[in-house]
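# What the coordinates show
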Amino acid sequence: MERPLTKNIRPDGKPLFIKEYESLGGYQSVKKALAMQPKEIQELVKKSNLKGRGGAGFNTGLKWSFVPMQGEFEHKYLVANGDEMEPGTFKDRLLIEGNPHQLIEGMIGTAFAIQADEGYIFIRGEYTYAAEVVAKALAEAYEAGYLGNNILKTGYKFNLHLHTSVGRYICGEETALLNSLEGKRANPRAKPPFPQVSGLFGQPTIVNNIETLCNIPHIINNGAEWFNGLSLTPGDGGTKIFGASGKVKKPGLWELPFGVTLRELLEEHAGGMRDGLKFKGCLPGGASTDFLVEQHLDIRMDYASVAAAGSRLGTGTMIVLDDKTCPVGMVLNLEHFFAQESCGFCTPCREGLPWTEKILQKIENGKGEMKDLDILQFHTKFMGPGNTFCALAPGAMAPLQSALKYFREDFELHIKEHKCSWK
Amino acid sequence: MLTAEEIHEIKEEFHLYPYKQAACIEALKVVQKHRRWVSDENVKDLAELLEMSADEIDSVATFYNLIYRRPVGKYVILLCDSVSCYIMGLETVLQHLERTLGIKYGETTADDRFTMLPVPCLGTCDHAPAMIVGKDLYRDLTPEKIDEILNSYK
Ligand SMILES: Cc1cc2nc3c(=O)[nH]c(=O)nc-3n(C[C@H](O)[C@H](O)[C@H](O)COP(=O)(O)O)c2cc1C
Ligand code: SF4
Ligand code: FES
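Residues numbered from 1 in each chain as written. Chains lettered and ligands numbered in written order. Predicted model: local features only at pLDDT ≥ 70, side-chain atom pairs only at ≥ 80, totals over all residues. Heavy atoms only, no water.

### Focus: the interface of chain A and chain B
- Contacts between chain A and chain B engage 52 residues on the former and 37 residues on the latter.
- Carbon and sulfur atoms make up 60% of the area that chain A and chain B hide from each other, which totals about 3500 Å².
- Across the chain A-chain B interface, the total number found is 0 salt bridges.
- At the junction of chain A and chain B, the tally comes to 21 residue pairs in polar contact (both at pLDDT 80 or more).
- Of all elements in the fold, only strand 3 (159–164), helix 8 (174–181), strand 5 (239–246), strand 8 (317–322) and helix 12 (327–341) of chain A reach the threshold of two or more residues within the side of chain A that touches chain B.
- A total of 7 residues in the side of chain A that touches chain B trace back to one element, the largest contributor, which is helix 12 of chain A.
- Tallied by class, residues from the side of chain A that touches chain B come to 21 nonpolar, 19 polar and 12 charged. (Contact = heavy atoms within 4.5 Å. Buried area = accessible area lost by both parts, 1.4 Å probe. Salt bridge = Lys/Arg side-chain N within 4 Å of Asp/Glu carboxyl O. Polar contact = N/O pair within 3.5 Å; in protein donor to acceptor, adjacent residues only side chain to side chain. Helix = DSSP H or I, 4+ residues; strand = E, 2+ residues; numbered from the N terminus. Nonpolar A, V, L, I, M, F, W, Y, C, P; charged D, E, K, R; others polar.)

Take a look at the structure:
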């Protein structure tokens, strides 16, 4: 089984710097890309069926194709989204820290495909080590002529900078990220206009997830057919970095083909539940995805199958709930996070999330009433898709609505017994 | 008054953006690096330097988790309070920190050494529970490990 994204990452995760990276075939795709037509690269990536790894799963080549290729622009921008603040998600850190040049190489190919001349790597502030590693790798890449005003003497110009953030989950939302890069509060922007047309500083901009970008060198080097062949699911190209946290025997990250089953991930790779514990459910792709439970263990981990089961593949890193952890407490923790991280721009989310948190706290404290469950249910509709300015609030409702569906008796038990029986 | 060094460092950041107001967050970071936190006076000085209103700068400063508008201790402890750490024993770790340091979230120890704040998922959930002290990440926390870590920050 091929693992293009992680095969060169050392077991201890220590970064690979330029000499070693080049000796393993690094930066070949830059030479290849610069000899191609930008539109040709866009087509190649479209055919590869690479879908955005930031959560939404949109075809990457198609997304790029909305960037205007004619006309005069002051700049065109490419931004790597390394905000990674979705609870339960820890995959981009590995890619940045373990192999920073793979990211830079992917960004050069991408920038050329959309003819961007400026780029930013946006990294959350808490990832101080990742930022150090990227800063060093950027300096090396400039030195070697892969970045700058005349890349590999072809006349192509792309300058790439590091931007470290100062916290807030909403910075990961791509239009909020652009406001943050402009030095403003990270409130999302209205769409349209889409960033591809009017993004950073009003110029055409592509924002891609770190993992998405790290796939680009391999697609340019090996082609779309090869990339599609890595996956077990037709229509979803490539591998995915899956992960698990919670009380499993071997929490961690694994690069695997799309289409492996949830059971295989849980039992083979994560080593199953710790002794004495039972699997109760999991959020398959981070905090903003719906719970899956035992009946779903045989579903395949790809975008369509997870969606058909009522959840989302999201970031592909699952959070596992065991039978000795209180599901109400877990959902309360999640809603606390979302309430804190709401950017406050629109009313349903700003008011609704703290309200939701309060009710869950009340239930967890044994002070809940049956009608509270109806209020929670109401919120899941009221903050559902289409009722708020961005996807943060609907994401917050995903674990809640599915918990109300699958763990309803646990909520009711808290209310009937006037306490949390897990404590 | 901003120091010459601070002003120099902030001006260096201007090159990365098309206009200087876009360096607002960078400027706040520079001030905080030198002073641990950003005071009202610093906000006013930055406003002058960046040709923005002080309110505008403050609206940005107060939006972000990692810009401190109140004094903090020498080392800020950022304890992950998100879901995987919750499952893996956040409560025990938090109680141990509270007892050992004698402070709660948002407070600073009497010797001005530590301020403790909650932070969303630190992206190291396979090694939960986790925290950052200063710039350093610590994972798989236990009460014993925490004692050792705290003792290494003098
Ligand atoms: C609240 C919120 C937080 C997000 N956080 C991230 C993030 O940390 N990293 C990321 O890549 N995408 C994040 N996204 C998705 C981005 O908006 C965007 O879809 C993504 O960066 C696009 O890249 P992709 O097409 O390569 O996936 C977030 C979305 C929302 C609504
Ligand atoms: S849904 Fe929440 S995070 Fe999104 S714009 Fe509204 S208030 Fe902000
Ligand atoms: S939930 Fe604590 S590190 Fe992710």
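### Details of the domain arrangement of chain B
- Each assigned domain of chain B is listed with its residue range as follows: domain 1 (4–61) and domain 2 (75–151).
- Computed over C-alpha atoms, the centres of domain 1 of chain B and domain 2 of chain B are 29 Å apart. (Domains from an automatic or database assignment.)

### As for the pattern of salt bridges
All names here are of chain A.
- Scanning the entire structure with this criterion turns up 32 salt bridges over all chains.
- R10 is the salt-bridge partner of E20, the closest N and O atoms lying 2.5 Å from each other. Of this pair, E20 sits in helix 1 (residues 18–23) while R10 sits in the segment before helix 1; the two residues are 10 residues apart in sequence, bridging distant segments of the chain.
- Given the relative accessible area of 25%, R10 is considered partly exposed.
- Across the pair D275 and K249 runs a salt bridge whose closest N-O atoms are separated by 3.4 Å. Here K249 lies in the loop between strand 5 and strand 6 (252–257) and D275 lies in the loop between helix 10 (262–269) and strand 7 (279–283), a separation of 26 residues in the sequence.
- Overlapping salt bridges, with partners in common, bring together R53, K91, D92, E211 and K240 in one network. (Buried < 20%, exposed > 50% of the residue type's maximum accessible area, 1.4 Å probe, protein only.)

### Considerations on the pairing of strand 3 of chain A
- Note: strand 2 (residues 118–123) of chain A against strand 3 of chain A, 6 bridges, orientation parallel. In the strand pairing of strand 3 of chain A, I123(A) is matched with T164(A). (Pairing = 2+ DSSP bridges.)

### A word on the packing of helix 14 (residues 370–382) of chain A against helix 16 (residues 408–417) of chain A
All names here are of chain A.
- Look at helix 14 against helix 16: their axes get within 9 Å of each other, and the N-to-C directions meet at 140°. Put simply, helix 14 runs oblique to helix 16. In this structure, helix 14 contributes M370, L373, D374, L376 and Q377 to the contact, and helix 16 contributes R408, F411, E412, I415 and K416. (Axes fitted to C-alpha atoms, helices over the stretch in contact; angles between N-to-C directions. Parallel < 35°, antiparallel > 145°, perpendicular 65-115°, else oblique.)

### Here we look at the site of ligand 2
Residues and elements named next belong to chain A.
- All residues in the neighbourhood of ligand 2 are listed as I170, P188, S342, C343, G344, F345, C346, C349, T388, F389, C390 and L392.
- Because more than half of its atoms lie within 2 Å of the grid, ligand 2 is assigned to the largest cavity.
- Classifying every residue of the shell around ligand 2 gives 9 nonpolar, 3 polar and no charged. (Near = heavy atom within 4 Å. 1 Å grid on protein atoms, 1.4 Å probe; cavity = no way out; pocket = protein on both sides within 12 Å on 5 of 7 lines; lining within 4 Å. Sits in = over half its atoms within 2 Å of the grid points.)

### Some points on the confidence of the model for chain B
- When pLDDT is averaged along chain B, the result is 97; 100% of the residues meet or exceed 70.
- If you check the scores for this complex, the pTM reads 0.97 and the ipTM reads 0.97. (pLDDT = per-residue confidence, 0-100.)

### Focus: the sheet that holds strand 6 of chain A
Residue and element names in this part refer to chain A.
- Strand order in the open sheet formed by 4 strands is 6-5-8-7, and the pairing between neighbours is mixed. Pairing within the sheet leaves two strands with one partner each, and these edge strands are strand 6 and strand 7. The average angle at which neighbouring strand axes cross in this sheet is 30°, direction not considered.
- Inspection of the sheet shows strand 7 paired to strand 8 by 4 bridges, in the antiparallel sense. Bridge assignment links G281 to a residue of strand 8, and that residue is L321.
- Along the sheet, helix 5 (residues 91–98) makes contact with strand 5, strand 6 and strand 8, crossing strand 5 at roughly 120°.

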